[in-house]
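Observations on the model geometry
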Amino acid sequence: MNFLRGVMGGQSAGPQPSGAETVQKLCDRVASSTLLDDRRDAVRALKALSKKYRLEVGSQAMEHLVNVLQTDRSDSEIIGYALDTLCNLISNDVEEEEPADESEEENAQKTNSDDLAGQFAEIYIKQQENLTLLLSLLEEFDFHVRWPAVKLLTALLKNQGPQVQQIILVSPMGVSRMMDLLADSREVIRNDGLLLLQQLTKANAAIQKIVAFENAFERLLDIITEEGMSDGGIVVEDCLLLLLNLMRNNSSNQNFFKEGSYIQRMKPWFEVAEDNSGWSAQKVTNLHLMLQLVRVLVSPVNPPGATSNCQKSAFQCGLLQQLCTILMATGVPADILTETINTVSEVIRGSQVNQDYFASVNAPSNPPRPAIVVLLMSMVNERQPFVLRCAVLYCFQCFLYKNQKGQAEIVATLLPATIDANSISAGQLLCGGLFSTDSLSNWCAAVALAHALQDNSIQKEQLLRVQLATSLGNPPVSLLQQCTNILSQGSKVQTRVGLLMLLSTWMTNCPIAVTHFLHNQTNVPFLTAQISENLGEEEQLVQGLCALLLGICIYYNENSLENYTKEKLKQLIEKRIGKEIFIEKLAYISKHELYSRAGQKPQPSYSSPEQMLFDHEFTKLVKELEVLITKAVQKSSEDEKKEEEVKKSLEQHDSIVSQYKELIREQDMQLNELKKQVAALTNQNEQSQTTITQQTSQIQQLRDQYNLLKVQGKPLDSQHHIHNEAAQINGIQPKADAEEIGRLREEIEELKKQHDVLEGQLAEKESVIDKLRTNQTTGNTGEGCLDIAGEQTTELHKPVAIAEAASGDNDSASALMKISQLESRLSALDDENQKLKDQVKLLTEEQRTLNQQLASTTSTVAILETDKRKLQQEVTESKKEQDDLLVLLADQDQKIFGFKNKLKELGEPVEDEDDLESADQEDDDDDYEPS
């Protein structure tokens, strides 16, 4: 153990071994010793040498240390020494105190040390199994293993972050093992676990999502609450930094945070006491990070739907109200107040409900003043910090963003009818800042007033009514004229830029404001003089903005002033300035470096007041106007006339096409109604056919029953019953074809013949009965009776007559018997005659019923056939008329296509609506397909 004593500072005789030799001996001892104690002592010695002889230990011992981690897992002490040694090799933390003034050589050594850490980290993760082994050691509960494993993994992430993240992503349960560190009861491991997760979640959306779904939000918010929220220590700061890593630029985690109702849990963070003096530096840091976390959720760069949902939740849970309380509180540190203003700005931006609430907030003053007025007082006060004034401007811009109601309220404070001399209004503060001697106040007030006019033509016209009293005894002048007067006085560049942005926003898409501006005879000469002069680089931006303003006067000119029509203004540019120079001056705006910086995000962020030259919304306006003004200036009067003619012709053709389309739509509706009627009639016809078929079968059954009864000779009461059943058939009578009708007529004729025969027979029988009755009344003599009886019986009862003739003289008894027999036969004939009459009557009624059914069926069929022919004729006429209209529409489209080609040949951009019209035509054609 002599070499160990030498390493640890003991005295020994002879020359001392070098560091590399000592490290080599220790590595051999680790590799060859069979006793665990010897290997443990060697690893402990390597740990002691790892800081002073970092290169030697790292180059020679790393492989042996990894083998120790693999083979000696059962001994936590040697594992802890190995992990500490590796951590010393890979970590960049310097524990030794260094002098305040470092030489270049020491700085170079520090840089080399950082390079060594990166190289050793790269060597360690070259074998993916080494990192997997380290992740498995996180499951060990032993403090001497788990804690150095956390520190080593953190160091690896600091030096080789992306590579380590990719390995962890593919390692099973890798992220889960790290998340378990937050549940460790030992605070040092939990706190270092937070640092580890911070490094793990940097710039990796996939890992951020995994960590979030491992219930990270719940655990972190619990830790923040346990540590005292904003009054907590460094642990709260670490939790907030990890939350920012998880949600910044990660819409999935933001939505998960919102859906988990975690925004509601943020409200207690911002509860401040009445006495806000004596804030600690840690509390300021914590509250600053908390405000940043709210801003991440409602940032303008987030998807609009996600931002609006978070804004709604912030209002519903009272978070916005709590922020406004901090905003109006006293004693709040300046940086916290500034960040709170920025946070409130983004919570209300574009949310009508939140903007309305903010408009109702009053400061706790006597008398109470609206929060907007108090903030504007800070903005136009040059003694306030620059960052605070920028934050107030951003808040005012967010309050007016897509808020026409708020814009109207601000402009109304400038109108004569609403001005209150006893109170300070927002409009008065803006006018005061607009004409202040402080150029930053001029710029901020001009930009704020421009936002009150953004995309609101009504307020642009209302602002023309504003009159300002400049001095005693002089008549008031309009706000528009006063702005141009200040421009002509040659004030500071920042002031003129702000006024030119205000005028450009004001006059854009407002021809009345353009007319008011041109009505002053000095304005146009001033702009042309400014553009045509050869000035320094600082003045080039002013020249570009003057060119923009003059271009707006051309593009939105209604030619109401004879001296300043579009054509005369373009001639003035060509003579005094030159088209090329004018366009070059105009293009200088978008080439300015501060222009591109302002266009990146809505919040104004500048390091110094002199850099505040452009507004975010104004940069978007310049992009739109630059192309329009360039084309308007380059066009000749003939081109404009041609373009106007083409536009008029296109409008006419468009109106004709729209009329045809409307006509086609109406006819299409009529055609659809006819189709519905045809379908209804077809359905009714089918139902009628079904009913006819059923009734035909029923009639056939009744007819068969009638014939059967007639053949069988059953009483006519059955026939009458059958007839009553037939008479109960309802609905439309069956449609009979020609053969059926003929057969029915033949049966009726046969019935008539039978009826005539029966009537003849009945007449003969009645005559016989009359003769018999006459014979009975004339006398009872045998001779008379014989004569009469002989006459009657010669044909009817010939055998009886012969018998009577042979007998000679019959007595009266035999005559009476014959008379009684004849009377009985007569009675039988009377009964038979009555039955025949009843049968004839039934047949007559049945014939009449059949004739009525036949007539009704024939008339119904005739009506249906007539309706069918009419509908077919109407459909044919509609199709023909539709075809004619489609031909006319095709001709019209061909003409429009020709006009558009002419426009393209003239070099004019033409909005291509062929796809839209073709889609509409295809939809119409699909609707017009005949059924």
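Scroll up a little and you will see the structure.
These notes cover the structure that comes with them. Quick caveat, the model's predicted, so the values are computed rather than measured. (Residues numbered from 1 in each chain as written. Predicted model: local features only at pLDDT ≥ 70, side-chain atom pairs only at ≥ 80, totals over all residues. Heavy atoms only, no water.)

**Re the packing of aromatic side chains**
Summed over the entire model, instances satisfying the criterion amount to ten aromatic pairs. Ring geometry for Tyr595 and Phe614: centres 5.6 Å apart, planes at 90°, overall edge-to-face. One end of the pair, Tyr595, is in helix α34 (residues 593-598); the other, Phe614, is in the loop between α34 and α35 (616-634), with 19 residues separating them in the sequence. Tyr595 sits in the buried class, given a relative accessible area of 6%. Its end group placed over the ring of Trp147, Lys151 keeps NZ or CZ at 3.9 Å from the ring centre. Sitting over the ring of Trp279, Lys283 keeps its end group 4.5 Å from the ring centre. (Phe/Tyr/Trp six-rings, centres within 6.5 Å; stacked < 30°, edge-to-face > 60°. Helix = DSSP H or I, 4+ residues; strand = E, 2+ residues; numbered from the N terminus. Buried < 20%, exposed > 50% of the residue type's maximum accessible area, 1.4 Å probe, protein only. Lys NZ or Arg CZ within 6 Å of the ring centre and 35° of its normal.)

**Some remarks on unusual backbone geometry**
The backbone phi angle of Ala203 is positive, close to 55°, even though this residue is not glycine. Mapped onto the elements, Ala203 comes out in the loop between α11 (187-200) and α12 (205-213). The class of Ala203 is exposed, set by a relative accessible area of 81%. A positive phi angle is found at Met229, which is not glycine, with a value near 55°. Among the structural elements, Met229 can be located in the loop between α13 (216-226) and α14 (234-247).

**Some words on the pattern of salt bridges**
Counted by the stated rule, this structure contains 24 salt bridges. Of the charged contacts in the structure, one is a salt bridge between Glu77 and Arg44, with a shortest N-O distance of 4.0 Å. On the criterion of sequence distance, the pair formed by Glu77 in helix α5 (residues 76-90) and Arg44 in helix α3 (residues 36-49) is long-range, its members being 33 residues apart. Residue classification places Glu77 among the partly exposed residues on the basis of a relative accessible area of 35%. Across the pair Glu259 and Lys258 runs a salt bridge whose closest N-O atoms are separated by 3.8 Å. Three or more residues joined by partner-sharing salt bridges are found here, namely Asp37, Arg40, Asp41, Arg44, Asp75 and Glu77. (Salt bridge = Lys/Arg side-chain N within 4 Å of Asp/Glu carboxyl O.)

**What to know about the side chain of Gln667**
Within the element layout of this structure, Gln667 appears in helix α36 (residues 637-712). A relative accessible area of 15% places Gln667 in the buried class. For Gln667, the contacting residues outside a window of four places in its chain are Glu881, Gln882 and Leu885. (Contact = heavy atoms within 4.5 Å.)

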